[in-house]
Amino acid sequence: MTQLDKGMIYELRIYQSMPGRLPALVSRFQNHTLRIWEKHGIRQAGFWTTLIGESNQQLTYMLAWDSMAEREERWSAFLTDPEWIAISKESEKDGPLVQNISNKLLAPTAFSSVK
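Scope of this entry: the structure provided in the associated data block. Each residue is numbered by its place in its chain's sequence as written, counting from 1. Where totals are concerned, whole chains, interfaces and linings use all residues; where local detail is concerned, this predicted model gives features only for residues with pLDDT of at least 70, and gives and counts side-chain atom pairs only at 80 or more. Working from all heavy atoms in the structure, the side-chain values ignore hydrogens and water.

## Quick notes on the packing of helix α1 (residues 22-40) against helix α2 (residues 68-79)
Here is step 1 of the chain: All axes are obtained by fitting lines to C-alpha atoms, using only the stretch in contact for helices, and the reported angles, taken between N-to-C directions, cover 0 to 180 degrees. We count a stretch as a helix when DSSP gives it H or I for four or more residues in a row; a strand needs E for two or more, and each element gets its number in order from the N terminus. Across the interface, α1 lies against α2 with an axial gap of 10 Å and an inter-helix angle of 130 degrees. Taken together, α1 and α2 sit at an angle that is classed as oblique. Remark: the crossing between α1 and α2 carries right-handed chirality. Residue-level contacts link Thr33, Ile36, Trp37 and His40 of α1 to Arg74, Trp75, Ala77 and Phe78 of α2.
Here is step 2 of the chain: Residue classes in the contact of α1 with α2 are distributed as five nonpolar, two polar and one charged. Comment on the angle field: the value is read as roughly parallel under 35 degrees, roughly antiparallel over 145, roughly perpendicular from 65 to 115, and oblique elsewhere. It is the rotation of the near helix from the far one that decides the hand of a crossing: anticlockwise by less than a right angle makes it left-handed, clockwise makes it right-handed. Between two residues, a contact is recorded if the distance between any of their heavy atoms is within 4.5 Å. Only Asp, Glu, Lys and Arg are considered charged, only Ala, Val, Leu, Ile, Met, Phe, Trp, Tyr, Cys and Pro nonpolar, and every remaining residue, Gly among them, polar.

Structure (structure tokens):
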């Protein structure tokens, strides 16, 4: 049994927005994406913008998954959701919102406050 088969998995995603497009990216999450995630059972663990760091044009968030199988099933359903596809296209009619996405799957340590 690997660590991915044990307990919760957290997904850390960092979106580097296109210059000046962070407000539109945040708006898309706040006004559309979270509602569609809810429909698919995707659970967010938190969202952050960068105050001090490499770039203040980043949106960072974490998702919580019960297993890799759950992630694959729910994330795939989200990506192919017709409403998401339409909102994604509409929100990028003036150009892309995201320059780059960093993605990591994390397993809590034995001494972590989250399990």
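## Examining α2
Here is step 1 of the chain: Multiply 1.5 Å by the residue count of a helix minus one, and that product is the helix's expected span. Here α2 contains twelve residues, and its C-alpha end-to-end distance of 16 Å stays within 8% of the 16 Å for a straight helix at 1.5 Å per residue.
Here is step 2 of the chain: Here the term buried applies to any residue with accessible area under 20% of the maximum for its type, exposed to any over 50%, and partly exposed to those in between, with areas from a 1.4 Å probe on protein chains only. Burial in α2 covers these residues: Met68, Glu70, Arg71, Trp75 and Phe78. Projected onto a plane normal to the axis of α2, the buried residues spread over an arc of 145 degrees and lie on a single side. Every exposed residue of α2 that faces more than 90 degrees away from the buried side is listed here: Ala69 and Glu73. Of all possible arcs, the one meant is that of the directions from the helix axis to the C-beta atoms.

## As for the environment of Arg21
Here is step 1 of the chain: Take Arg21: it is sitting in the loop between β1 (9-17) and α1.
Here is step 2 of the chain: For the pair Arg21 and Met68, spaced 47 residues apart in sequence, the C-alpha to C-alpha distance is 31 Å.
Here is step 3 of the chain: Not counting chain neighbours up to four residues away, the residues in contact with Arg21 comprise Gln57, Ser91, Glu92, Asp94, Gly95, Pro96 and Leu97.

## Description of the packing of α1 against helix α3 (residues 82-91)
Here is step 1 of the chain: Contact pair α1 / α3: the axes reach a minimum separation of 10 Å and the direction vectors enclose 165 degrees. By the angle class used here, α1 and α3 are roughly antiparallel. Crossing hand, α1 versus α3: left-handed. Of the residues in α3, those touching α1 at Arg28, His32, Thr33, Arg35, Ile36 and Lys39 are Glu83, Trp84, Ile87, Ser88 and Ser91.
Here is step 2 of the chain: Here the residues of the contact of α1 with α3 are counted per class, giving three nonpolar, four polar and four charged.

## Here's the deal with the nonpolar core
Here is step 1 of the chain: Only buried residues count toward a nonpolar core. Its members are Ala, Val, Leu, Ile, Met, Phe, Trp, Tyr and Cys residues joined through side-chain atoms within 4.5 Å. In this structure, Trp37 and Trp75 are the most contacted members of the largest nonpolar core, which totals 18 residues.
Here is step 2 of the chain: Ranked by residue count, the leading element in this core is α1, at five residues.
Here is step 3 of the chain: Trp37 has contacts with Phe29, Ile42, Gln44, Phe47, Tyr61, Leu63, Trp75 and Phe78, leaving out every residue within four places of it along the chain.
Here is step 4 of the chain: Grouped together as the second largest cluster of nonpolar side chains are five residues, Met8, Tyr10, Leu12 and Met62 included.

## Examining the sheet that holds strand β2 (residues 43-49)
Here is step 1 of the chain: In short, DSSP must find at least two bridges between two strands for them to pair. The strand order across the open sheet built from four strands is β2-β3-β1-β4, with neighbouring strands paired in antiparallel fashion. Bordering the open sheet on either side are β2 and β4 (98-106), each of which pairs with just one other strand. Averaged over all adjacent pairs, the angle separating strand axes in this sheet is 15 degrees, with direction ignored.
Here is step 2 of the chain: Bridge analysis of β1 against β4 gives eight bridges, and the strand direction is antiparallel. The residue of β4 that forms the bridge with Gln16 is Asn100.
Here is step 3 of the chain: Packing of α1 onto the sheet brings it into contact with β1, β2, β3 (58-65) and β4, and relative to β3 it is tilted by some 15 degrees.

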